[in-house]
Amino acid sequence: MKYEDMWDMDLGGEPSKKEIPHWFGNLAWIVVGGLCKLLFRYRVDNRQKLRAFQNAEGAIVICNHTSFFDVVFMYLAARPSQWVRLMGRDSLFDNAGGLLGQILSRVGAFPVKRDTADMTSIKRAVRMLKRQELVGILPEGTRRGKSNRTPEIHAGVAMIARMAKVPILPMTVRGVEKIKNKGERVHFPKVTVDYGDPILLADFDFLPKEDRLEACSWYALRECFALFYQVPAAEVDMKALFPDSRDFAPVFAEHALPHHTSEELAEAARAKAAAKATRSERGGETKEV
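On a predicted model such as this, the values are computed, not experimentally measured, just so you know.

A.B. asks: Can you help me understand the nonpolar core in this one?
C.D. replies: Where a protein is soluble and globular, its nonpolar side chains tend to be buried together. With 81 residues, the main nonpolar core has Ile60, Phe73, Ile160, Ile168, Tyr195, Phe204 and Met238 as its most contacted residues. Setting aside anything within four residues of it in sequence, one finds Ile60 in contact with Leu129, Val135, Ile137, Val157, Ile160, Ala161, Val166, Pro167, Ile168 and Leu169.

So, in structure tokens, the structure goes:
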């Protein structure tokens, strides 16, 4: 099966007859998940914040990036009842003669061109989200401290959230940064996946229009680091983490954003869908009359 074909197929979300075959993803979850459970004794905290969106609406799941294992645990933590469609850099899909691309595509991943406004990938992600799928994004774009690239805050995550009209759910993976450091042997630390509370782009409307996407992405990533360091978000020094990015800390110190829960947003999405279905039925009855 060509992996390019799988990028536009469905996976999870609303019922569909054109889904990516599940057998490989299920096998990967059993094998890779079993090994990670054995080697890293990983656990998932606050998973109900992700589960709440199932059969309700799509959500963008974001995570800070310290290791290649971030995406592995982002995928494993959602299974078996949910799938996270991971957005990965396009160069990964050509590795090993395309074998890695086949593996990634079969578990639902799709490519994005790094350092560009890749509208093809953005529109693909939006379509997935509108089908109530989960899309996983690492907004820093590179592993912190593990490459020669400087981590940046990419506002694409907020742009996708605006286009798809879905919440952003911050998460983190603690412990993976200790697995392999340059010049050291491989370690097997305990790993913890943790989810935060969802964020709505609409809550940033108090800001000038040109600042909203950047501020939302900054705020969401700060929530990820708060989970990672296990401190209140206001204590995360984003200026030290992203010295080349604008620091919105003073803005949010003066203007606290409303708090949302996944359950609250999921219930609102179900109510909206039910109301839409009722209007559609009434419209059909009117036409029949």
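A.B. asks: What is the right way to read a negative patch on the surface from this model?
C.D. replies: A grouping of Glu4, Asp5, Asp90 and Asp94 is seen on the molecular surface, where their side chains present a negatively charged patch. Mapping Asp5 onto the fold places it in helix H1 (residues 3-6).

A.B. asks: Which parts of the structure should I look at to understand the pattern of salt bridges?
C.D. replies: Pairs can form between side chains of opposite charge whenever their charged atoms are close. Using the criterion set out here, one finds ten salt bridges in the structure. Note that Arg124 is salt-bridged to Asp8, the shortest N-O span being 2.8 Å. Of this pair, Arg124 sits in helix H6 (residues 119-130) while Asp8 is found in the loop between H1 and helix H2 (23-40), placing the two residues 116 residues apart along the sequence. You can call Arg124 buried: its relative accessible area is 11%. For Asp8, a relative accessible area of 39% puts it in the partly exposed group. For the salt bridge of Arg43 with Asp45, the shortest nitrogen-to-oxygen distance reads 3.0 Å.

A.B. asks: I would appreciate a short explanation of H6 in the present structure.
C.D. replies: Turn by turn, an α-helix covers 3.6 residues, leaving residues three or four places apart pointing in a common direction. Along its twelve residues, H6 runs 16 Å from first to last C-alpha, staying within 8% of the 16 Å computed at 1.5 Å per residue. Every buried residue belonging to H6 is among Ser121, Ile122, Arg124, Ala125, Val126, Met128 and Leu129, and all of these are buried. Of the surrounding elements, those touching the buried residues of H6 are strand S2 (59-63), strand S3 (84-89), strand S4 (110-112), strand S5 (134-137) and helix H7 (156-164).

A.B. asks: Would you explain the pairing of S5 in this entry?
C.D. replies: Each regular strand carries side chains that alternate between the two faces of the sheet. Judged by which residues are buried, S5 turns out to be covered on both faces: Leu134 and Gly136 on one side and Val135 and Ile137 on the other are all buried. Both S2 and S5 contribute to a ladder of four bridges, which runs parallel. Within S5, the residue paired with Ala59 across the bridge is Leu134.

A.B. asks: Which parts of the structure should I look at to understand the side chain of Ser217?
C.D. replies: Mapped onto the fold, Ser217 is located in helix H8 (residues 212-229). Exposure remark for Ser217: the relative accessible area of 1% places this residue in the buried category. Each residue touching Ser217, except ones within four places of it in the same chain, is listed here: Ile153, His154, Ala155, Val157 and Ala158.

A.B. asks: Before we go on, may I ask you to explain the packing of H6 against H7 in this structure?
C.D. replies: How two helices pack is summed up by the angle between their axes together with the distance between the axes. Relative to each other, H6 and H7 sit at 50°, their axes nearing to 9 Å. The angle between H6 and H7 falls in the class oblique. H7 is crossed by H6, and the crossing has right-handed handedness. Residues Met119, Ile122, Ala125, Val126, Leu129 and Lys130 of H6 lie in contact with H7, whose contacting residues are Met159, Ile160, Met163 and Ala164. Of the residues in the contact of H6 with H7, the class split is nine nonpolar, no polar and one charged.

Conventions used here
- Residues numbered from 1 in each chain as written.
- Predicted model: local features only at pLDDT ≥ 70, side-chain atom pairs only at ≥ 80, totals over all residues.
- Heavy atoms only, no water.
- Core = buried A, V, L, I, M, F, W, Y, C linked by side-chain atoms within 4.5 Å.
- Buried < 20%, exposed > 50% of the residue type's maximum accessible area, 1.4 Å probe, protein only.
- Contact = heavy atoms within 4.5 Å.
- Patch = residues over 30% accessible without salt bridge, like charges linked within 9 Å, V, L, I, M, F, W, Y side chains within 5 Å.
- Areas by Shrake-Rupley, 256 points an atom, 1.4 Å probe, with all protein chains shown as cover.
- Salt bridge = Lys/Arg side-chain N within 4 Å of Asp/Glu carboxyl O.
- Lys, Arg positive; Asp, Glu negative; His and termini not counted.
- Charge placed at Lys NZ, Arg CZ, Asp CG, Glu CD.
- Helix = DSSP H or I, 4+ residues; strand = E, 2+ residues; numbered from the N terminus.
- Expected span 1.5 Å × (residues − 1).
- Pairing = 2+ DSSP bridges.
- Axes fitted to C-alpha atoms, helices over the stretch in contact; angles between N-to-C directions.
- Parallel < 35°, antiparallel > 145°, perpendicular 65-115°, else oblique.
- Left-handed = near helix turned anticlockwise from the far one by under 90°.
- Nonpolar A, V, L, I, M, F, W, Y, C, P; charged D, E, K, R; others polar.

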